[in-house]
Each structure stands twice: as structure tokens, then as C-alpha cells.
Amino acid sequence: MTFVEVFRWALGDTATIPLLRSVWEHPQPLKEAHRKLMRDFRLYMLVGGMPQAVNAYLDTNNFEAVDQAKRLVLNIYDEDFNKIDPSGKAARIFAAIPAQLNSNASRYQISSVIAGAKAEDLIELISEIEKSMTVNISHHCDDPNVGMSAFEDLSQYKMFVGDTGLFVTLAFKDKDFTENILYNKLLNDKLSSNLGYLYENIVAQMLVCSGNKQFYHTWPTESGKHNYEIDFLLSRGTKIVPVEVKSSTYKTHVSMDEFCKKFSSRIANDRYLVYTKDYFKEGAMKYLPAYLAYFL
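What comes next is a walk through the structure. Every residue gets a number counted from 1 within its own chain, in the order that chain's sequence is written. For this predicted model, a pLDDT threshold of at least 70 governs which residues receive local features, and a threshold of 80 or more governs which side-chain atom pairs are given and counted, while totals over whole chains, interfaces and linings are taken from all residues. The side-chain figures draw on all heavy atoms in the structure; neither hydrogens nor water molecules are used.

1. Comments concerning the sheet that holds strand S9 (residues 285–289)
As a reminder, the rule being used: Here a strand pair is declared whenever DSSP counts at least two bridges between the two strands. The helix count covers DSSP runs of H or I at least four residues long, the strand count covers runs of E at least two residues long, and both are numbered beginning at the N terminus. The angle between two axes is taken between their N-to-C directions and runs from 0 to 180 degrees, where each axis is a line fitted to C-alpha atoms and a helix contributes only its stretch in contact.
Spatial ordering of the open sheet is given by S5-S6-S7-S9-S8, a layout of five strands whose pairing is mixed. Two strands lie at the open edges of the sheet, namely strand S5 (232–236) and strand S8 (280–282), each paired on one side alone. This sheet shows a mean twist of 25° between the axes of neighbouring strands, independent of strand direction. Here five bridges tie strand S7 (residues 271–275) to S9, and the two strands are oriented parallel to one another.

2. Notes on the sheet that holds strand S4 (residues 227–230)
In space, the four strands of this open sheet follow the order S2-S1-S3-S4, with mixed pairing throughout. Only two strands of the sheet have a single neighbouring strand rather than two, namely strand S2 (152–161) and S4. Each adjacent strand pair in this sheet contributes to an overall mean axis angle of 30°, direction not counted. In terms of strand pairing, strand S1 (residues 135–141) meets S2 through seven bridges, oriented antiparallel. Across the sheet, cysteine 141 pairs through a bridge with glutamate 152, a residue of S2.

3. What to know about the pattern of salt bridges
Using the following cut-off: Counted as salt bridges are all cases of a side-chain nitrogen of Lys or Arg within 4 Å of a carboxyl oxygen of Asp or Glu. Burial classes: relative accessible area under 20% of the type maximum marks a residue as buried, over 50% as exposed, and values in between as partly exposed (1.4 Å probe, protein chains only).
All told, the structure shown has 14 salt bridges when counted by the stated rule. With a shortest N-O distance of 3.9 Å, aspartate 80 and lysine 83 are connected by a salt bridge. Taken together, the residues aspartate 80 and lysine 83, both in helix H5 (residues 63–84) and three residues apart, mark about one turn of the helix. Judged by relative accessible area, which is 35%, aspartate 80 ranks as partly exposed. By relative accessible area, lysine 83 is classed as exposed at 67%.

4. Here we look at the packing of aromatic side chains
Applied cut-off: In this scheme Phe, Tyr and Trp rings, the latter by its six-membered ring, pair at centre separations within 6.5 Å, and the angle between planes marks the pair as stacked below 30 degrees, edge-to-face above 60, and tilted otherwise.
Across all of its chains, the model carries 17 aromatic pairs by this definition. Their ring planes at 25° and their centres at 6.0 Å tell us that tyrosine 57 and phenylalanine 63 sit as a pair that is stacked. For phenylalanine 63, a relative accessible area of 7% puts it in the buried group. With a centroid separation of 4.9 Å and an interplanar angle of 50°, the aromatic rings of phenylalanine 259 and phenylalanine 263 are classed as tilted.

5. A few points about unusual backbone geometry
Even without being glycine, asparagine 61 reaches a positive phi, approximately 55°. Take asparagine 61: its relative accessible area is 56%, and that puts it in the exposed class. Phi angles above zero are rare outside glycine, and methionine 133 is one such case at about 65°. Relative to the helices and strands, methionine 133 resides in the loop between helix H8 (123–131) and S1.

6. Quick word on helix H9 (residues 164–171)
Buried residues dominate H9, accounting for seven of its eight residues. Within H9 the residues assigned to the buried category are Thr164, Gly165, Leu166, Phe167, Val168, Thr169 and Leu170.

7. As for the environment of phenylalanine 232
Put simply, the test is: Contact definition: two residues touch when any of their heavy atoms are within 4.5 Å.
Within the secondary structure, phenylalanine 232 sits in strand S5. Residue phenylalanine 232 is classed as buried on the basis of its relative accessible area, which comes to 1%. Each C-alpha atom of the pair phenylalanine 232 and lysine 158 lies 11 Å from the other, and the pair is 74 residues apart in sequence. Leave out the neighbours within four places in its chain, and phenylalanine 232 touches Phe160, Glu200, Val203, Ala204, Leu207, Gln214, Phe215, Val241, Pro242, Val243 and Val245.

8. Comments concerning the packing of helix H3 (residues 32–47) against H5
Two numbers describe a pair of packed helices, the interaxial angle and the distance between the axes. As a reminder, the rule being used: If an angle is under 35 degrees, it is roughly parallel; if it is over 145, roughly antiparallel; if it lies from 65 to 115, roughly perpendicular; otherwise it is oblique. Basically, the charged four are Asp, Glu, Lys and Arg, the nonpolar ten are Ala, Val, Leu, Ile, Met, Phe, Trp, Tyr, Cys and Pro, and anything else, Gly included, counts as polar.
Packing of H3 against H5 brings their axes to within 10 Å, and their N-to-C directions diverge by 45°. Taken together, H3 and H5 sit at an angle that is classed as oblique. The residues of H5 that touch H3, namely those facing Leu43, Leu46 and Val47, are Phe63, Val66 and Lys70. Here the residues of the contact of H3 with H5 sort into five nonpolar, no polar and one charged.

9. Here's the deal with helix H2 (residues 16–25)
Applied cut-off: Comment: arc refers to directions from the helix axis out to C-beta atoms.
For H2, the full list of buried residues reads Thr16, Ile17, Leu20 and Val23. Buried residues of H2 fall within an arc of 130° about the axis and therefore sit on the same side.

10. Overview of the environment of tyrosine 57
By secondary structure assignment, the location of tyrosine 57 is in helix H4 (residues 51–60). Among the residues examined, tyrosine 57 registers a relative accessible area of 15% and is labelled buried. Between the alpha carbons of tyrosine 57 and serine 103 there is a distance of 31 Å; along the sequence they are 46 residues apart. Each residue touching tyrosine 57, except ones within four places of it in the same chain, is listed here: Leu11, Leu43, Val47, Phe63 and Val66.

Okay, structure coming up:
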């Protein structure tokens, strides 16, 4: 299920979809409606699209019941991963996705999950995990241009959980259940921790649902101590479209600015910053509320 389609329909909402399509086709701030749409979007982030989780929410309106349903799904995933790889590596790689994204590293660091492992040695296993349709993988594009598949690095990638509702439960799986208070804080956007990785995961999910193959690009800053990073690169005609994701209201986009300078001749007229505030346009930069990312 996707937020802009089946999930809203499952809740009996037939008005949101036409509204969002209209806003995408004729961009404008939604003002008062934006707050409700973001809350509805966060609800989808928490529940996700697995039928078991959606039914639990519809039947009980209780996040603990939703969380328990998602844990049962994750247990089935573990069983399936152990069929793919009896050594348990596949299950460990999947379980570590939230921690890997939260680390803000420029790639999935396989050696921190499996001691002594090298990314190039596990390409086949990662491919099998991807085929299971439980994850979405974005590969590094070494030379951003049209035909990015020709420049993808199979050993440098980021991994996302295919369903963001499952991602939430996986991220807090150290507890017996993810308490209703935690869900309510997430729903009302009052959790103090940095949730950038959560928004990055759901944008990855929506881009895949829209038929996009995922790529990202990093390169060192002038000092060499840090990296610039573009979260997602999309191919459109003869140009590429850069996308950055923010979990906050901030409109800063240093990496985007530097990327557009470096590859100016390759970039389409539009570039996007996906964030939690209302629609806004500044020059070629379009600031998209997260619920519109599906249309990218």
C-alpha cells in the first residue's frame, strides 16, 4: 500500500488522493490543510502498508496491536532470511538497517554488522535480499549522468526497509513492544530524536512505488573531513533531478547547492528538497512536503 493510494482508501478517505494530485499538477501551499495532511502521512509512516498492520489499526485503533502485528511479520521475514542464508547473515543485515541509516554514514557499513566482512564479498547475498522484496537498495552513482546504471557501484549502497511501518518497529525492537506513547509522540511530531533516517526511508519507499530506480551520490568537501551527499538522483529525459530529504523545517541545502554547481549542465530545471513544511518554491528549488514525494 502507498499513502496516496490504498492506505487512505482503507481508512475511508476518498478526498485526499484527488487533492494531492491537484497540488502536484498545480503546485501551491496548502496552508491549514497541510498540518492535517502531514499528520495523516505520519500515521501511514507508523502503521505502514502491510495488510496485517492496517487491519489491526482498523480493528482496534491501538498502536500496540499494530506493533504486535508488525512484529509477527518481522518474525516471518527472519524465517525467510534464514532460508536464503542459514548462516544468519541476511537476517542480521536486515535488522541493522535502522542503525545503519541513523549513523549518517555514506554507505551501508557491512563490516560493522558482520565482523571482517567486505562489501564486495557479499554482493550476491545483498542481491538475494533485494530479490526478497523486503528492502529497497540505493546504489552509489560514481558519475551522475543520464544512464546512471552504467556508473553504479554495487559495493557501495544504502539499504532501506521496504515498508516504513515495519521500519519503525524494527528501529525500536529492543523493547517488548513499541509503546503507544512513543507512537503518539511520533504521530504528533513531538519525538525529540532526529528522525531524518525515518523520512529518508519512506521517501525511498515512495520513489520505488513510483517506478524509480534509486541512486545517490557523495563526494568530499574541500577540507576532505566530510562528504557532501545527494540523497536520491532521478533520471528525467536527458537530465538528472537531485532530491534531498530533511526531517525538519530547515531549508538549508549546502550539498544541493554544491552539486548543482559541479554538474550544472546535467541537471534539469527542477531540484527538490523534501521536508515537513508546506510547499514553497525558491528559484529552481522546490520544497515539497513529504506526502508529495510519491509523485516524483
